[in-house]
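Inside the fold
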Amino acid sequence: MIPFLRAFVWLRWRLLLGSLRGSARRDALERLSRILAAIVPALLLLGMVTAGLGLGAAALGGGWAVGSRAVDPLPVLIAVRGILFVVLVVVLLGALTGPAQGALTGSTRLRTLPVSDGMLHRVEALTALLDPWLLYVVPALLLLPVGLLVGGNGGAAVVALLAGLALLAVMVCLASAAAQAGRWFLRNRRRAEAFTLLFVLGLSALSLLPALIGDRVERELRRAEGAGRRARISRSLPRGTPALPSELYGRALRQGLRHGPAGAWFPIGALLLEAGLLYAVSAGAHRRTLATVEVGAPRGAAASAAAAARRLPFLSPMASAVALTQLRTALRTVRGRLVVLTPAPLVLVFGVLSRKLPHELPGGGAWTDGPLLLGAGAVFALYALQSFTMNQFAADRSGLTLQFLLPLPHGALVVGKAAGCGLVYAASLALALLCALGIAPGGSLLDWTAVLVGALSTYTLLAPCAALLSAWLPVASDLGKTGSGGNPHGLAMAAGTVLVLLAAAPPAAIVLVVHRVLDRPLLGLALMAGWAALSLALAIPLLRLAARAIGPRRENLALVAGSR
Amino acid sequence: MELALETHGLRKEFGDVCAVDGIDLVVPRGSFYGFLGQNGAGKSTTIKCLTGLLRPTAGSFRILGLDPTVDAVTIRRQIGVVPEDLGLFERLTAAETLAFVGQIHGLGRDVLDARARELLAFLDLARAAGELVTDYSHGMRKKLALAAALLPGPRLLFLDEPFEGIDAVGSRKIRRLLADFVAGGGTVFLTSHVLEIVEHLCDQVGVLHRGRLVAQGPLQVLREAAGRSRTLEELFLELVAAPAGQATTLDWLSG
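Residues numbered from 1 in each chain as written. Chains lettered and ligands numbered in written order. Predicted model: local features only at pLDDT ≥ 70, side-chain atom pairs only at ≥ 80, totals over all residues. Heavy atoms only, no water.

Concerning the overall build of chain A
Within chain A, the secondary structure is distributed over 22 helices and 0 strands. Across the 564 residues that make up chain A, the buried fraction comes to 49%. Within chain A, contacts between residues separated by at least 24 positions form 80% of all contacts whose residues are at least 6 apart in sequence. Carbon and sulfur atoms provide 71% of the accessible area of chain A, an area that totals close to 25,100 Å². (Helix = DSSP H or I, 4+ residues; strand = E, 2+ residues; numbered from the N terminus. Buried < 20%, exposed > 50% of the residue type's maximum accessible area, 1.4 Å probe, protein only. Contact = heavy atoms within 4.5 Å. Areas by Shrake-Rupley, 256 points an atom, 1.4 Å probe, with all protein chains shown as cover.)

Digging into the overall build of chain B
Looking only at helices and strands, one finds 10 helices and 10 strands in chain B. The C-alpha radius of gyration of chain B comes to 19 Å, within 12% of the 18 Å expected for a compact globule of 255 residues. Once the C-alpha set of chain B is aligned to its principal axes, its extents read approximately 55 × 55 × 40 Å. Expressed as a percentage of its 255 residues, the buried residues of chain B come to 51%. Restricting the contact set of chain B to residue pairs at least 6 apart, pairs at least 24 apart contribute 69%. Here chain B has roughly 11,300 Å² of accessible surface; of this, 50% comes from carbon and sulfur atoms. Charge separation in chain B, taken as the distance between the mean sites of 27 positive and 31 negative side-chain charges, equals 3 Å. (Rg over C-alpha atoms; globule rule 2.2 N^0.38 Å. Lys, Arg positive; Asp, Glu negative; His and termini not counted. Charge placed at Lys NZ, Arg CZ, Asp CG, Glu CD.)

So, helix H21 (residues 490-517) of chain A
Residue and element names in this part refer to chain A. An ideal rise of 1.5 Å per residue puts 40 Å on 28 residues; H21 measures up with 38 Å between its terminal C-alpha atoms. Helix geometry: H21 is bent most strongly at Ala505, by close to 40 degrees, with proline Pro506 lying one to four residues after it. Listing the buried residues of H21 in full gives Ala492, Gly496, Val500, Ala503, Ala504, Pro507, Ile510, Val511, Val514 and His515. Within two residues after H21, Asp519 carries a phi angle of roughly 55 degrees, on the positive side. (Expected span 1.5 Å × (residues − 1). Bend = angle between axes of the 7 residues up to and from the residue.)

Here we look at the pairing of strand E10 (residues 212-218) of chain B
All names here are of chain B. The pairing of strand E9 (residues 204-209) with E10 spans 6 bridges and is antiparallel. Its bridge partner lying in E10, His209 is registered against Arg212. Taking the residues between adjacent antiparallel strands as the criterion, E9 and E10 are bridged by 2 residues, where Arg210 takes a positive phi near 50 degrees. (Pairing = 2+ DSSP bridges.)

Overview of the packing of helix H14 (residues 334-341) of chain A against helix H15 (residues 343-356) of chain A
Residues and elements named next belong to chain A. It is the contact of H14 with H15, at a shortest axis distance of 5 Å, that shows an interaxial angle of 35 degrees. Of H15, the residues touching H14 (which contributes Leu338, Val339, Val340 and Leu341) are Pro343, Ala344 and Pro345. Taken together, the residues that form the contact of H14 with H15 break down as 7 nonpolar, no polar and no charged. (Axes fitted to C-alpha atoms, helices over the stretch in contact; angles between N-to-C directions. Nonpolar A, V, L, I, M, F, W, Y, C, P; charged D, E, K, R; others polar.)

Side note on a nonpolar patch on the surface
Together, Met1, Ile2, Leu126 and Leu129 of chain A make up a nonpolar patch on the protein surface, roughly 320 Å² of accessible area in all. Tracing the backbone shows Met1 of chain A in the segment before helix H1 (2-21). (Patch = residues over 30% accessible without salt bridge, like charges linked within 9 Å, V, L, I, M, F, W, Y side chains within 5 Å. Salt bridge = Lys/Arg side-chain N within 4 Å of Asp/Glu carboxyl O.)

Here's the deal with the nonpolar core
Ranked by internal contacts, the top residues of the largest apolar core, which has 134 residues, are Ile63, Phe158 and Phe189 of chain B. The leading source of residues in this core is helix H22 (residues 521-562) of chain A, at 10 residues. Here Phe189 of chain B is in contact with Leu5, Leu25, Val27, Tyr33, Phe35, Ile47, Leu50, Leu157, Phe158 and Leu159 of chain B, once residues within four sequence places are set aside. (Core = buried A, V, L, I, M, F, W, Y, C linked by side-chain atoms within 4.5 Å.)

Observations concerning the side chain of Gln204 of chain B
Looking at the element boundaries, Gln204 of chain B is found in strand E9. Aside from chain neighbours lying at most four places away, what touches Gln204 of chain B is Pro28, Ser31, Phe32, Tyr33, Gly34, Gly217, Pro218 and Leu219 of chain B.

Points about the side chain of Lys12 of chain B
Counting through the fold element by element, Lys12 of chain B comes out in strand E1 (residues 3-14). Of the polar contacts made by the side chain of Lys12 of chain B, one reaches the side chain of Glu555 of chain A; its length is 2.9 Å. Residue contacts for Lys12 of chain B: discarding those within four places in its chain leaves Glu555 of chain A together with Val17, Cys18, Ala19, Val20, Thr45, Cys49, Leu54, Arg55, Pro56 and Thr57 of chain B. (Polar contact = N/O pair within 3.5 Å; in protein donor to acceptor, adjacent residues only side chain to side chain.)

Here's the deal with the pattern of salt bridges
Two side chains with opposite charge may pair up if their charged atoms get near one another. Residue and element names in this part refer to chain B. Within the structure shown, the criterion is met by 16 salt bridges over all chains. Between Glu2 and Arg29 there is a salt bridge, with the nearest N and O atoms lying 3.7 Å from each other. Of the two residues, Glu2 sits in the segment before E1 while Arg29 sits in the loop between strand E3 (26-28) and strand E4 (32-37), which places them 27 residues apart along the sequence. The salt bridge partner of Glu84 is Lys48, with a shortest N-O separation of 3.0 Å. Taken together, the residues Glu84 in the loop between strand E6 (79-82) and helix H3 (94-104) and Lys48 in helix H1 (residues 43-50) connect sequence positions 36 residues apart. In the salt-bridge network here, residues are joined through shared partners; they are Arg11, Glu13, Asp21 and Arg212.

Notes on the sheet that holds E9 of chain B
Residue and element names in this part refer to chain B. Taking strand neighbours across the sheet as the criterion, the 6 strands line up as E6-E7-E8-E4-E9-E10 in an open arrangement whose pairing is mixed. Looking at the sheet topology across the chains shown, the edges are occupied by E6 and E10. Along the sheet, successive strands turn relative to each other by an average axial angle of 10 degrees, direction set aside. The pairing of E4 with strand E8 (residues 187-191) spans 4 bridges and is classified as parallel. Directly across from Phe32, in E8, lies its bridge partner Val188. Taken strand by strand, helix H5 (residues 138-150) contacts E6 and strand E7 (156-160), and its axis lies near 170 degrees from that of E6.

Notes on the interface of chain B and chain A
Each partner contributes residues to the interface: chain B has 41 residues there, and chain A has 48 residues. By the criterion of area lost to chain A, the three top residues of chain B are Arg91, Gln103 and Ile104 of chain B, representing 18% of everything that side buries. Taking the shortest distance from any N to any O, the salt bridge between Arg328 of chain A and Glu96 of chain B comes out at 3.6 Å. At the boundary of chain B and chain A, one finds 16 residue pairs in polar contact (both at pLDDT 80 or more). (Buried area = accessible area lost by both parts, 1.4 Å probe.)

Topic: helix H18 (residues 398-405) of chain A
Two residues of an α-helix separated by three or four positions point the same way, owing to the 3.6 residues in each turn. Among the 8 residues that make up H18 of chain A, 8 are buried, leaving the element largely enclosed by the rest of the structure. Listed in full, the buried residues belonging to H18 of chain A are Ser398, Gly399, Leu400, Thr401, Leu402, Gln403, Phe404 and Leu405 of chain A. In this structure, the buried side of H18 of chain A is in contact with helix H13 (317-331), helix H19 (410-439) and H22 of chain A together with helix H2 (72-78), E6 and H3 of chain B.

Some points on the environment of Lys48 of chain B
Lys48 of chain B sits 110 residues away from Phe158 of chain B along the chain, and the two C-alpha atoms are 9.6 Å apart. Setting aside its immediate chain neighbours within four residues, Lys48 of chain B contacts Leu53, Leu54 and Glu84 of chain B.

Observations regarding unusual backbone geometry
Residues and elements named next belong to chain A. One non-glycine residue with positive phi stands out, namely Phe314, at about 70 degrees. By secondary structure assignment, the location of Phe314 is in the loop between helix H12 (305-308) and H13. Exposure remark for Phe314: the relative accessible area of 87% places this residue in the exposed category. The phi angle at Asp519 is positive, at roughly 55 degrees, despite the residue not being glycine. Counting through the fold element by element, Asp519 comes out in the loop between H21 and H22. By relative accessible area, which is 56% here, Asp519 ends up exposed.

A look at the environment of Leu213 of chain B
Residue and element names in this part refer to chain B. Along the chain, Leu213 turns up in strand E10. On a C-alpha basis, the gap between Leu213 and Asp24 in space is 7.5 Å, while along the polypeptide they are 189 residues apart. When sequence neighbours within four positions are dropped, the list of residues in contact with Leu213 reads Ile23, Asp24, Leu25, Phe35, Gly206, Val207 and Leu208.

Following this line, the structure appears as structure tokens:
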């Protein structure tokens, strides 16, 4: 086992170095872009290491304070349970969204080596330990027992150590089970579609939980005083919460503090049982993944060339072809479906939260207003669309080679891409509109129209800037991947984030000032239409500029898109 | 002699590495030109330069009498390319891929549909026309890339390893198709490591070795210069200085 593990860790390390090294076949801007792309994850890692060490120090201090009975253990335990719950969720989401990121299972070469499938699975499961979020809590899980020991409670320290190791095992197995199950699901495109939908809806429901639970716990804390507080808080949590690994860990700590190691065997045993069950799920999913081939034709795929060759209104045949290809390829990727589906549930969450817990949202109860909700959905949709807009050329991979080999002028390519991404955005916006209408149907037609026009004008301004950034900072991304493997260049994303804010500011100002403060919706709509016309007038020369920018970057784009 | 392709001192450097070192290609119209070389000799880089995917560091070239620095789009209307990476969208079907190519070339719907059906049927892809390229085998992808190159009716074809991964039946069909294309006045510029195919199909040959063109001309003339009985394989091995039957030192494999 150890030699295999060593070999696989070395393999991962070399793959990481290889991805950073790049190739000599790159121009100066591309080399700079690669350096910048490496800086962002490095800074994130540094931040996580610092935060992890800080959390470890806090755990050491907290352990000492509780062990020496200097403080009431209840707030410390609540904090520990809360932090561990958040980490559990993040680990789960990370594993679910990153199943296609260069997993060892996918490597044919590894499967031809004399390594049993079981060993391959065990090694893969153990590599989950390299998850930065797991590494983030490891110092805290190890230093809390040290703090308890220093504080003079040796029994509780032993319990904390054992429970910490058991919790770590649960987290590793959870990450592995989620990744393997996700990978198995995504082998079948039909199943992948259902998975994506469930994932988006589940994520939205999950995002409601902290606010709802936090609010209930807060109310119970206010009501209860002294003894009986713990029972009231526990009652305020949803049913099934005690089985959560973070809760079992908290329970083990509590029992350890009260009764020493003898009282904590049940929660620690339950944690080990959960780890075992999750490991079994992971192994089963791994076996199924190896035995399954990737299948499934997409819905609505054309089998006849004439049926596929459509022309979009207002576009040349060439730009139409590019736009339709962009739309088709986007909607056939998991990420593309996420882009279309995600803003609508977000609008739903905002709407529900603004009604139930107005104090939890910036802006309070203002989000009960339908057009404003739609506006929020429109901005979020633009952010979600960045994986397509901010790397629109290189994301085509081999398809970009085809486009460069055809008699396709750069102008038609840029316009087609802008229209194609615009169609994806329009689909996302339409779903957000339906959700906003469903949850807050009030408001005048003028308000709704103004927000829609504002959303489209924001995209109109953003499209040429996105084309320019895509030409300057291309990345060989794979939009079939839901994790970072499908992301555009970090700098392009950062610039895109700022640009979305800048482009959305004027329409947002018109909606807030003219519609809300002055209450003159007709004037607001007229101003918005004027802004849309101005945006279009600005976008046309900017699109020409973007088309001219492709010429000098053509070779680099072809090399980046074609890189394996 | 009318030329389909001519290069003058074509050179391509990547940093310190010179991939193509000042080559002068001469490809007559209506010829079947085999561009040979070992792995890494610079064949694919040359094709990428000629088809506009890479910008040459130095030198000039003309394709079908046109200057690519002036008439790049016009040239692309008249050529078909099967590039090294095949140039396919993974998440389009074969029919959608051909529709895309046809639309860019401005083919009418009827012409596009008729040609696409004929090509897909000829290349045994008709039944898989509605499947995504990502589900295709390597050979199927290659056939689709060839169909996309042929669809607009080009006058010059650049084919990078067109027979690699293709089954025997398909390979024979494609060879006959290409021979007919050349007989009809078209020009084919292909790279291949299968020297038997090159010997059988090509009337012109160029040999690239470490970025330099070490031989070029009609196959017959090259063979005569080297001794009539020589096969193309023997000629090639002599040109790239890789003696046949080099003694292996991997003794442990035979034990």
